[in-house]
Amino acid sequence: MTPKFPLNDELSIPAIGFGTWKLKGEEGRQAVQTALEVGYLHIDTADRYGNHKEVAEAIKASGVARSEIFLTSKVWRDNLHAADLLADVDRFLVELDTDYIDLLLIHWPNKEIPITETMAALDKCRQAGKVKAIGVSNFTKRHIEDALATGVNIVNNQVELHPSFNQADLRAFCKEKNIVVTAYSALSSGNMESPLIQSLGEKYGRSPAAIILNWVVSRGVVALCKSVTKERMLDNLTATDFIIEPDDLQKIDELEQGPRFLSFDFSEFDYE
Ligand code: NAP
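Criteria and thresholds
- Residues numbered from 1 in each chain as written.
- Predicted model: local features only at pLDDT ≥ 70, side-chain atom pairs only at ≥ 80, totals over all residues.
- Heavy atoms only, no water.
- Helix = DSSP H or I, 4+ residues; strand = E, 2+ residues; numbered from the N terminus.
- Contact = heavy atoms within 4.5 Å.
- Buried < 20%, exposed > 50% of the residue type's maximum accessible area, 1.4 Å probe, protein only.
- Near = heavy atom within 4 Å.
- Polar contact = N/O pair within 3.5 Å; in protein donor to acceptor, adjacent residues only side chain to side chain.
- Areas by Shrake-Rupley, 256 points an atom, 1.4 Å probe, with all protein chains shown as cover.
- Nonpolar A, V, L, I, M, F, W, Y, C, P; charged D, E, K, R; others polar.
- Salt bridge = Lys/Arg side-chain N within 4 Å of Asp/Glu carboxyl O.

**Examining the environment of proline 109**
With respect to the helices and strands, the residue proline 109 is situated in the loop between strand S6 (101-106) and helix H4 (115-127). Residues proline 109 and asparagine 138, 29 residues apart in the sequence, show an inter-C-alpha distance of 7.0 Å. What proline 109 contacts, discounting residues up to four positions off in sequence, is Arg77, Ser137, Asn138, Phe139, His143 and Glu268.

Take a look at the structure:
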């Protein structure tokens, strides 16, 4: 049974979520449907992934009630002016064939657009019930401080996070601010090949992927994982079903830190 982390007074987020980046067309639709059928109750999409319609079709075909599913989507960084954002959210609801999005994130920060305007528009969507909770993604501490200064509540920051890029400082900061962190690219980051992760896999009789996801969740962080393979979907979903000894978790904490893998020319990671 996947644990959940509380986000605010009403909402909690399943600690393992199914990622849908690069899942498009029939293969994408089928992957999301299979994920729901094997038990994922948290789906992560984004306008930029171009797969809202596939996600909607998969939810319908899976037979899983919408109310059982925690659905996240993200607004692209060019569309953070109020009018663009409000129009986007209405379009998302049509594409996703739903009355509400559980968690709506700013996909990437954009210093060209005033954060006050964006946060007010997001809050308007929340007050209208179109969005249950507001979050951000790829935000540094300083971006978060700017966003919180608007007075609108942020419940989540989705960032690249894995054993060799563990975001310890950002995690501590988010904990202080009551913001749950979500990890992306925990598996695609090369950490499955780490000798420590491999040896822990052998020790616990689980895959390197399961060791990484278990460690992520043990640190109070939500783990996203994407796969087109049913066996891997199940392996990942059950990654919290076993206990890693505290000393072994700490060894993962102490792994040498390397570079982030995902960065674009528009990323504002130097805004600190
Ligand atoms: P990921 O889930 O870290 O890794 C996916 C890769 O790992 C795929 O090649 C998959 O192959 C393989 N894999 C999955 N489970 C495995 C297992 N148990 N054993 C071995 N290999 C396994 O990739 P990601 O898509 O980068 O990140 C996850 C999600 O985070 C995305 O889908 C997206 O929803 C979100 N994300 C958000 C942002 C952002 O800017 N907010 C950025 C990146 C990602 P197969 O498919 O062939 O199994």
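So much for the structure itself; the text now carries on.
**Describing helix H2 (residues 52-62)**
All of the buried residues in H2 are His52, Glu54, Val55, Ala56, Ala58, Ile59 and Ser62. Looking at the buried residues of H2, the elements they touch are helix H1 (25-38), strand S4 (42-44), strand S5 (70-75) and helix H3 (82-95). With its phi angle positive at about 80 degrees, glycine 63 sits one or two positions after the end of H2.

**Some points on the site of the ligand**
In the vicinity of the ligand there are 28 residues, among which Asp44, Ser185, Lys226, Ser227 and Arg232 approach most closely. One nitrogen or oxygen atom from the side chain of asparagine 138 is found 2.9 Å from an oxygen atom belonging to the ligand. At 2.9 Å, a side-chain N or O of asparagine 236 approaches a nitrogen atom of the ligand. Protein contacts shield 86% of the accessible area of the ligand, which totals 900 Å² for the unbound molecule. At the level of secondary structure, the elements contributing two or more residues to the shell around the ligand comprise strand S10 (222-225) and helix H9 (230-237). At three residues, the largest contribution of residues to the shell around the ligand is made by H9. Per-class residue counts for the shell around the ligand are 12 nonpolar, 11 polar and five charged.

**Here we look at the pattern of salt bridges**
Summed over all chains, the structure comprises 16 salt bridges. One salt bridge connects aspartate 123 with arginine 126, and the closest N-O pair in it is separated by 3.0 Å. With aspartate 123 and arginine 126 both in helix H4 and three residues apart, the pair spans about one turn of that helix. Here aspartate 123 falls in the buried class, since its relative accessible area comes to 16%. Put simply, Asp47, Asp88, Arg91 and Glu95 are held in one network by salt bridges that share partners.

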